[in-house]
Amino acid sequence: MKIILDNLTVSYRRHPAVHHASGTFAEGEATAIFGPNGAGKSTLLKTMIGALRPDEGHVRFDGGSLADIAYLPQQSEIDRSLPVTVTDLVATGLWRRTGAFGGVDTASLARVSEALATVGLSGFASRTIDALSNGQFQRVLFARILVQDARLILLDEPFNAVDAKTTFDLLELVRRWKEEGRTVVAVLHDYEQVRAYFAQTLLLAREVVAWGATASVLTDDNLRRALDKVAVWHAHAPVCETAREGA
Ligand SMILES: Nc1ncnc2c1ncn2[C@@H]1O[C@H](COP(=O)(O)OP(=O)(O)OP(=O)(O)O)[C@@H](O)[C@H]1O
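If you're wondering where the values come from, they're calculated on a predicted model, not measured in any experiment.

Rules of the game
Residues numbered from 1 in each chain as written. Predicted model: local features only at pLDDT ≥ 70, side-chain atom pairs only at ≥ 80, totals over all residues. Heavy atoms only, no water. Helix = DSSP H or I, 4+ residues; strand = E, 2+ residues; numbered from the N terminus. Areas by Shrake-Rupley, 256 points an atom, 1.4 Å probe, with all protein chains shown as cover. Near = heavy atom within 4 Å. Polar contact = N/O pair within 3.5 Å; in protein donor to acceptor, adjacent residues only side chain to side chain. Nonpolar A, V, L, I, M, F, W, Y, C, P; charged D, E, K, R; others polar. Buried < 20%, exposed > 50% of the residue type's maximum accessible area, 1.4 Å probe, protein only. Pairing = 2+ DSSP bridges. Axes fitted to C-alpha atoms, helices over the stretch in contact; angles between N-to-C directions. Contact = heavy atoms within 4.5 Å.

What is the right way to read the overall build of the protein from this model?
Along its length, the protein carries 10 helices and nine strands. Accessible surface for the protein amounts to roughly 11500 Å². Of this, 51% is attributable to carbon and sulfur atoms.

Dropping the structure here:
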């Protein structure tokens, strides 16, 4: 499925965090969203899943819909104090098929077990999620994405505070998803990870600085332009005039 941003502006109290962004996330590609802190990366993902409403412009899905998306928020936004088991959490990835109260049948349990094995967590099925390390928890969330079987996978800083071995294993899963023809979009801060696993990059600094083949986007010149843009806008982002007209 292809995702098209059409002149997208998203604001917090009319101060734009994403400003007139246009472009296309290519189908079956792995695209990194790269940019300085405060560049609007998380805001863009939240708008793509429908959690934030644009002031102006649209997100369009070509060949799919919101229901085909698996979204992984930043770890800091997830409540890990809930007394749920690893199996319970991974099984929520099946809700789209079973409904929230559909129960977990034998076939579903088999899918959950298989996903846990794939992420190297066989034997963790009945642990509660508060008893996991950051890396183990992130493996569980990737297992949940596996059972979701989504065409579009959105990941927000998936390797933050995650150990090197887990990061490597989960990046290999990203590679597999791409080989399976899924569309993967990930917010990342690690330049080497982007270069090794993401053929496409969107460099965002509130506005689109560059978008295309990673090698041509992540140039010194573009990175400097991105930093300059965010430095100027970050502290006193002005009210967007077009957003104000629409408000
Ligand atoms: N709920 C909110 N209310 C008001 N302003 C917000 C809110 N969330 C984000 N912002 C502001 O919007 C801008 C973009 O934030 P966003 O989290 O999208 O950036 P980011 O590129 O994901 O940053 P980081 O790399 O630090 O996670 C920032 O200036 C931020 O302070």
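Let's pick the thread back up.
Even after reading the chapter, I still don't get the site of the ligand, so can you show me in this structure?
Residues in close proximity to the ligand total 15 residues, the closest being Asn37, Gly38, Lys41, Ser42 and Thr43. A distance of 3.5 Å is found between a nitrogen atom of the ligand and a side-chain nitrogen or oxygen belonging to Tyr12. Between the ligand and Lys41, the relevant distance is 2.7 Å, taken from an oxygen atom to a side-chain nitrogen or oxygen of the residue. Summarising the interface, the protein chains cover 62% of the accessible area of the ligand, which totals 630 Å² for the free molecule. Tallied by class, the residues present in the shell around the ligand amount to four nonpolar, eight polar and three charged.

Just checking my understanding: could you explain helix α1 (residues 41-48) for this structure?
Each α-helix winds once per 3.6 residues, and so residues spaced three or four apart point in a common direction. In terms of residue burial, α1 counts as a mostly covered element, since seven of its eight residues are buried. Regarding α1, the residues found buried are Lys41, Ser42, Thr43, Leu44, Leu45, Thr47 and Met48. Directly after α1, the chain includes Gly50, whose backbone phi takes a positive value near 85°.

Quick question: what am I supposed to make of the sheet that holds strand β4 (residues 56-62) here?
Strand order in the open sheet formed by three strands is β2-β1-β4, with antiparallel pairing between adjacent strands. Strand pairing shows two members of the sheet lacking a second neighbour, β2 (15-25) and β4, which therefore form its edges. The mean angle between the axes of side-by-side strands here comes to 15°, regardless of whether they run parallel or antiparallel. Of the pairings in the sheet, the one linking strand β1 (residues 2-12) to β2 comprises seven bridges and is antiparallel in character. Pairing of Tyr12 across the sheet is with His15, part of β2.

Even after reading the chapter, I still don't get the sheet that holds strand β5 (residues 69-72), so can you show me in this structure?
Sheet strands line up and pair through hydrogen bonds in the backbone, either parallel or antiparallel. The sheet built from six strands is open, its strands ordered β5-β6-β7-β3-β8-β9 with mixed pairing. Lying at the two open borders of the sheet, with one neighbouring strand each, are β5 and β9 (207-213). In this sheet, neighbouring strand axes are inclined to one another by 15° on average, regardless of whether the strands run parallel or antiparallel. Pairing geometry for strand β8 (residues 200-205) and β9, over six bridges, is antiparallel. Pairing of Leu203 across the sheet is with Ala210, part of β9. Sheet contacts for helix α5 (residues 134-148): β5 and β6 (152-156); angle to β5, the most-contacted strand, approximately 175°.

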